[in-house]
Amino acid sequence: MTEYFSIPSACGITESTALTDFPAPAPGIPFCITGTLTEGMLTSLSPFGTLPPAEPTDAANRRTLALLTEELTAYFAGELHTFSVPMEDHGTPYQKSVWAALRQIPYGQSRTYGEIAMMLGYESPIAARSVGNACGRNPILLLTPCHRVFAKGSIGGFSGAPELKRWLCALENISVPGEISRQASPQGR
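Residues numbered from 1 in each chain as written. Predicted model: local features only at pLDDT ≥ 70, side-chain atom pairs only at ≥ 80, totals over all residues. Heavy atoms only, no water.

1. Re the packing of aromatic side chains
Enumeration according to the criterion identifies five aromatic pairs in this entry. Residues tyrosine 75 and phenylalanine 83 carry aromatic rings whose centres are separated by 5.4 Å and whose planes lie at 45° to one another, so their mutual orientation is tilted. A network of ring pairs unites the aromatic residues Tyr75, Phe76, Phe83, Tyr107 and Trp167 as a single cluster. (Phe/Tyr/Trp six-rings, centres within 6.5 Å; stacked < 30°, edge-to-face > 60°.)

2. Looking at the layout of surface pockets
Counted as a void, the largest pocket has a volume near 160 Å³. Lining the largest pocket are 13 residues, and of these His81, Thr82, Phe83, Arg103 and Arg148 lie nearest its centre. Its residues placed into classes, the lining of the largest pocket shows eight nonpolar, three polar and two charged. (1 Å grid on protein atoms, 1.4 Å probe; cavity = no way out; pocket = protein on both sides within 12 Å on 5 of 7 lines; lining within 4 Å. Points joined across faces, edges and corners; volume = space filled by probe spheres on them. Nonpolar A, V, L, I, M, F, W, Y, C, P; charged D, E, K, R; others polar.)

3. Things to note about the sheet that holds strand β1 (residues 2-6)
A sheet is described by the order of its strands in space; here three strands give the open sequence β1-β2-β3, paired in antiparallel fashion. The open sheet has two free edges, formed respectively by β1 and β3 (41-46), since each of these has just one partner strand. Neighbouring strand axes in the sheet, compared pairwise and without regard to direction, differ in orientation by 20° on average. Where β1 lies against strand β2 (residues 34-38), five bridges are found, and the strand directions are antiparallel. Of the residues in β2, the one forming a bridge with tyrosine 4 is threonine 36. Here helix α1 (residues 59-76) sits on the sheet and contacts β1, β2 and β3; the angle it forms with β3, its principal contact strand, is near 50°. (Pairing = 2+ DSSP bridges. Helix = DSSP H or I, 4+ residues; strand = E, 2+ residues; numbered from the N terminus. Axes fitted to C-alpha atoms, helices over the stretch in contact; angles between N-to-C directions. Contact = heavy atoms within 4.5 Å.)

4. A look at the pattern of salt bridges
Evaluated as defined, the whole model comprises two salt bridges. The salt bridge involving glutamate 172 is made with arginine 148; its shortest N-O contact spans 2.8 Å. You can see glutamate 172 sitting in the segment after α5 (162-171) and its partner arginine 148 sitting in the loop between α4 (125-136) and β5 (149-150), a full 24 residues away along the chain. Of the two residues, glutamate 172 and arginine 148, neither departs from the other in class, the shared state being buried. (Salt bridge = Lys/Arg side-chain N within 4 Å of Asp/Glu carboxyl O. Buried < 20%, exposed > 50% of the residue type's maximum accessible area, 1.4 Å probe, protein only.)

5. Digging into the environment of threonine 82
On the secondary structure map, threonine 82 appears in the loop between α1 and α2 (93-102). The exposed category is assigned to threonine 82, whose relative accessible area is 61%. Placed 23 residues apart in sequence, threonine 82 and isoleucine 105 show a C-alpha to C-alpha distance of 10.0 Å.

6. Observations concerning the confidence of the model for the protein chain
Low-confidence regions, as indicated by low pLDDT, have predicted coordinates that should not be scrutinised in detail. Per-residue pLDDT for the protein chain averages 81, and the proportion of residues at 70 or more is 78%. Averaged pLDDT values for the elements of the protein chain fall to 76 in β1 and rise to 97 in α2. Between residues 10-21, whose pLDDT stays under 50, and residues either more than four places distant or in other chains, the model counts 22 contacts. Here residues 182-189 scores under 50 on pLDDT; set against residues more than four positions off or in separate chains, the count is 19 contacts. (pLDDT = per-residue confidence, 0-100.)

7. Overview of unusual backbone geometry
Within the chain, leucine 142 stands out as a residue other than glycine whose phi angle is a positive 75°. Residue placement: leucine 142 occurs in the loop between α4 and β5. Despite not being glycine, asparagine 173 has its phi angle at roughly 55°, a positive value. Along the polypeptide, asparagine 173 turns up in the segment after α5. The partly exposed category is assigned to asparagine 173, whose relative accessible area is 39%.

Right under this line is the structure:
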């Protein structure tokens, strides 16, 4: 059973729920975590959702959402570096290979689109662009960390707001190419 979910506190909704509060990345950045679950597998995740609060009814989906909420809370607190939420990517075989490569980038580190292409056995500039295109179609943002991938010498794209990419990089103490390094985390630590 495929079900949609939203994490109300991440949408600025303060009604009583069993879900954990998430920090707003920064003023002016819309932030509402939404996604889909199918038979206990996370199939999409976006920090830019607009769905009303919803919790899944399927038991496997509820367990996965509870784990996701727990892990995102720890990630945003700087306490979790690797996610264990079960995921199922929906895309082409090439896109899936790019997304798998992204999940191999350790917390706090970054790669360029060209480096990802070379990891996959491609060396042409066109391959770097196709990696960028696959990153732009990433259905499971945050857990498949496309925010850790940059163009050579610049921030590159992000399927969300560039401000959120900068904020996630600051959270992980990743320097954004071409920008002054911000070593302090977004939470002032």
